[in-house]
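# Descriptive analysis of the structure
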Amino acid sequence: MGCEMIDTLLQDLRYAVRKLAKSPGFTLGVVVTLALGIGANVAMFSVVDRMLFRPPPLLRDPAVTHRIYLAQTYRGKEQASGYLQYARYVDLTSWTSAFARTAAFTEHDLAVGVGAEAREMRVGIVSASFFGFFDAPPALGRYFTAAEDSPPDGTAVAVLSYAFWKARYGGRSEALGSTLQIGPTVYTIVGVAPEGFAGLWPVQRPVAFIPITSHASAHRPPRDTWWTTYHWMWASMLVQRKPGVSVAAANTDLTNAFLRSYAAQRMESPGLAPAEIARPHALAASVLSERGPNESDFAKVATWVSGVALIVLLIACANVANLLLARALRRRREIAVRLALGVSRARLLSQLFTESVVLALLGGLAGLLVAEWGGAVLRGQFLASGSQVSVLGDVRTLSFGGAAALVAGLLTALAPALQTRRADFAADLKAGAREGTFQRSRSRVALLVLQGALCVALLVGAGLFVRSLRHVRAVPLGYDVDPVLLVDLNMRGVQLDSAHGVALRRDLLETAQAIPEVLHASRQLTVPFWSTSTMELHVAGIDSVHRLGEFALNAVTPEYFATLGTRILRGRGIAIQDAKNAPRAIVVSDAMAKTLWPGRDPIGQCVKVGADTLPCSYVVGVAENIKYQHLGDDPGLFYYLSEAQWHPEQGGLFIRTRGQAAPYAEPIRRRLQQLMPGASYVTVTPLREILGEQTRSWQLGATMFLAFGGLALTLAAIGLYSVMAYNVSQRTQELGVRAALGAQQRDLVRLVVTEGVTLGAAGIAIGVVIALAGGHLLGPLLFEESPHDPLVFGFVAVVLLGVTVLASFVPSRRAARVDPMVALRYE
Amino acid sequence: MIQLSNLDKSISQGNGRLFILRQITLDIAAGEFVSIMGPSGAGKSTLLAVLGMLDGDWTGEYRFLDHAVHKMKPKDRVALNKQHIGFVFQQYHLLDDLTVAENLDVPLSYRNTKKSERESLVADTLDRFGIVAKKDLFPRQLSGGQQQLVAVARALIHKPSLILADEPTGNLHSSQGKEIMELFTELNRGGTTIVQVTHSETNAGHGKRVIELRDGWVVK
């Protein structure tokens, strides 16, 4: 029995291959259509799998391993963060009992190496207990111990990644015991991680792992007791549940420990909101950060784009199903004869399915190539640049591709299989010589309408994202972006005292101002969307300023407002007279002025920055509001201090150039680098790049939806064209009769185009309903754009209608040229 | 009504030409009932197609109601055809997706007839041919004779002055064929010129004149 089934299958396979080889054009068309649909899905899977599903390689027990998030309520809104203080990590480790192990970790790009060989590379910064989470014994040497990871300084030892060890050290064991500068510190190499080990970062793999305490001590001010205080939130926490402990129980245990730690923090910072208001609680979430409570817009867009790719596959399948259905209709008489000769319907269906599956598998193979090459663009957008992701070398992705091809094969065979079941073969046998005479097929019409509907849904999504992007770009930031460069200093362990730090920055500023292409240059302490600084504020007559909101600051030099283009609305900006020993000056944003002194003149008001006992800073001007944390609803509570009066030894520069700043970045960097002492260096970044990160999710959404929407539209147009062309070829006789009865060319053209437009209109109507219904799901990803924007819907309807007319017009021209005499002799 | 003078129709075949109609010269007066007969391949259906202006690839002279068809542009021939000629096909050639009433409406829809007038004409024709009860049926629901009856009704609905019928009873039972021929006779009595192609002597007997074709030539 088993042998018979295999024989039958092989026979079906041979027959299917022979039939497909006889129609190479048809086969190629189907394979290309499916390749595009399957390839798009495989490419998106390779992204989404890594973002949302695939655990880090070699992780011991993914099911019981969690990343910790701490949530608090601030101004009535709960906010969760995956970052915590080292002291908090110690507290949670000490005061919980639900976990078999805990670890602290973070990752940074640090300068690795010295001199010309120095490059910024990803480095894993982990506690000694981190390695215990993985089933990854070192390939060489050892991991660092708890003793080497003890605060305050830890020990300068490092573990290299396998790939870096092979590349930099040629895989030689002599690497052990040698030194390597990472950031400001020279580390001794004590071990090499095994091949494939990447910690929690399989996409952008670290080149080395260093103790968390050694990194902290190198990057904090000398007297900062970072390991016992709660002001620096910089690390994350990993935990592994004990056997038998549920997630709920773990969360309770964590929350109790967090409450205790919060109480300890309040003793150090009495201004902190009480626990009853802040409601601190902790939760153990997925190891993958994109599945935690702070899922990035990127991940949301990636999920949506996966849905879009699926729709493209459905459209491709509908296209192919239509083509297969047309073939089945043409073969009605052949099938009727086979049935009359005794073949069973099951056997017939088996042949149909085999043919579809063969086509789909060919399409799947081609799709893998599409995903490997074309998908590189997708992976570059969603995953970090330099990520090493391959489709062809990954078993999970290949399996997904195979499954997608199989499903596509079954889906595309469904319509012709149903047609075979429904047909009246007795009538088909009696049809005489009129094999393949035109017969309207409801299935084909339904598939076509479905394609149109799905297309509309995709294109509406694209339109909404494009409009969101336009809105984002039109947001008034309160400063100029394109002509501005950010200069950031990386001291790399070079220790400068305060005076030298001030002098260096003064020299950098003066040098920048002397460059001919530079219009203005200014010092800054903070950068919008990049770094924020907040201090306690005290204003007479206001009980608790921090209840009114979060007030952020910048410390600047007099040319700041000209450099950034932020307007002074009243009074003046920071000026040269706001020197070190002069009365303290402060410029406030318009929103801050209205918040602190509603209805009153803010000029001359007193603000005490940092503590109530400090001297007043007097308001000398009001500046326009700026966006520095959110492009949307940003409260704009911002103020400016004179850099001479506030930490002149810290911060970097802003530079304003003539025209676009980007081309000047490298020449300015080289010029300023000459002033940097020792191994320290400057980075010069166009402000547009920094802002670009904020708009990237909308940019991505617009690009991806447009690309896939365009692909879907092309597939739908091809589908419509093929159906209309097929219809015209099958209706030659009818068209000839109409011509003989008096129809002119324009009548025949109108007949065909009207039919196409009717199908298109039906698809548009259904698509609009789908898009309206699904709009609320897309809404949160849009920016100041209604998911029901009539302009977008109208434009999409017009575009699809136009494409429908075009796809119908070409076959209609053929219809118009039908010779009645040829048509009437057609049979 | 119809005057043909030295009309030739040929198709290219290899290095030479194959003549389907040769030097056809004939006159047909208004109100005549003429039968065109001859063996298979004589060119009967082709001659009918030329007369009906469905085939424009010929040489010679053709005058129809004093219009020099041989000098007319294809668009003008179509307009002339639409105004004066009705064609009945051997295979009926009804449109399968349209009902009987809709089939009757098709020629009117191509002749700029107002909708109300079209509805009235269709209703009159259904009544005239006794097929009111069948107006909502599709061709596949009718017998051969009924289909041919509808085809004849469709050819007549716009009141042409000339009916061209290509083997109108070729696919019908003898009694059905008799009904159709009696209908033609009645129409001819009413003034309609009828030219039919037929193999049947009985059918030819309904007409007043026979034109015999052999190998593309008119022999009688």
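Residues numbered from 1 in each chain as written. Chains lettered and ligands numbered in written order. Predicted model: local features only at pLDDT ≥ 70, side-chain atom pairs only at ≥ 80, totals over all residues. Heavy atoms only, no water.

## Some words on the sheet that holds strand β12 (residues 484-490) of chain A
All names here are of chain A. Pairing within the open sheet is antiparallel, and its 4 strands lie in the order β13-β21-β12-β22. The open sheet is flanked by β13 (518-524) and β22 (681-686), the only strands paired with a single partner. Neighbouring strand axes in the sheet, compared pairwise and without regard to direction, differ in orientation by 20° on average. Its contacts with the sheet put helix α15 (residues 498-514) on β12, β13 and β21 (652-657), and the angle it makes with β13 is roughly 165°. (Pairing = 2+ DSSP bridges. Helix = DSSP H or I, 4+ residues; strand = E, 2+ residues; numbered from the N terminus. Axes fitted to C-alpha atoms, helices over the stretch in contact; angles between N-to-C directions. Contact = heavy atoms within 4.5 Å.)

## Observations concerning empty space enclosed by the protein
All names here are of chain A. Here the structure, examined in full by the defined rule, presents 7 cavities of 30 Å³ or more. Roughly 150 Å³ of volume is contained in the largest cavity. Only α14 (442-474), α19 (687-730), α21 (745-778) and α22 (790-816) provide two or more residues apiece to the lining of the largest cavity. The residue makeup of the lining of the largest cavity, split by class, is 9 nonpolar, 4 polar and no charged. (1 Å grid on protein atoms, 1.4 Å probe; cavity = no way out; pocket = protein on both sides within 12 Å on 5 of 7 lines; lining within 4 Å. Points joined across faces, edges and corners; volume = space filled by probe spheres on them. Nonpolar A, V, L, I, M, F, W, Y, C, P; charged D, E, K, R; others polar.)

## Some remarks on the sheet that holds strand β1 (residues 2-13) of chain B
Residues and elements named next belong to chain B. As summarised here, the arrangement of the 4 strands in space is β2-β1-β4-β5, forming an open sheet in which the pairing is antiparallel. Each having just a single partner strand, β2 (16-28) and β5 (67-68) make up the two edges of the open sheet. Here strand β4 (residues 59-64) runs beside β5; their pairing, made up of 2 bridges, is antiparallel. What sits directly across from phenylalanine 64, in β5, is histidine 67. The strands touched by helix α1 (residues 44-51) are β1, β2 and β4; relative to β2, the strand with the most contacts, the crossing angle is about 60°.

## Digging into the state of the cysteines
Residue and element names in this part refer to chain A. Overall, the coordinates contain 1 disulfide over all chains when judged by the stated rule. The disulfide partner of cysteine 606 is cysteine 616, and the gap between their sulfur atoms is 1.8 Å. A torsion of -80° about the S-S bond marks the disulfide between cysteine 606 and cysteine 616 as left-handed. Of this pair, cysteine 606 sits in strand β18 (residues 606-609) while cysteine 616 sits in the loop between β18 and β19 (617-623), and the two are 10 residues apart along the sequence. Given a relative accessible area of 18%, cysteine 616 falls into the buried group. Cysteine cysteine 317 is unpaired, with the sulfur of cysteine 455 as its nearest cysteine sulfur at 15 Å. For cysteine 455, a relative accessible area of 0% puts it in the buried group. (Disulfide = S-S within 2.5 Å. Buried < 20%, exposed > 50% of the residue type's maximum accessible area, 1.4 Å probe, protein only.)

## A short note on the confidence of the model for chain A
Taken over all residues, the pLDDT of chain A has a mean of 87, while the share at 70 or more is 94%. Contacts of residues 431-437 of chain A to residues separated by more than four positions or lying in other chains number 13 contacts, the stretch itself having pLDDT below 50. (pLDDT = per-residue confidence, 0-100.)

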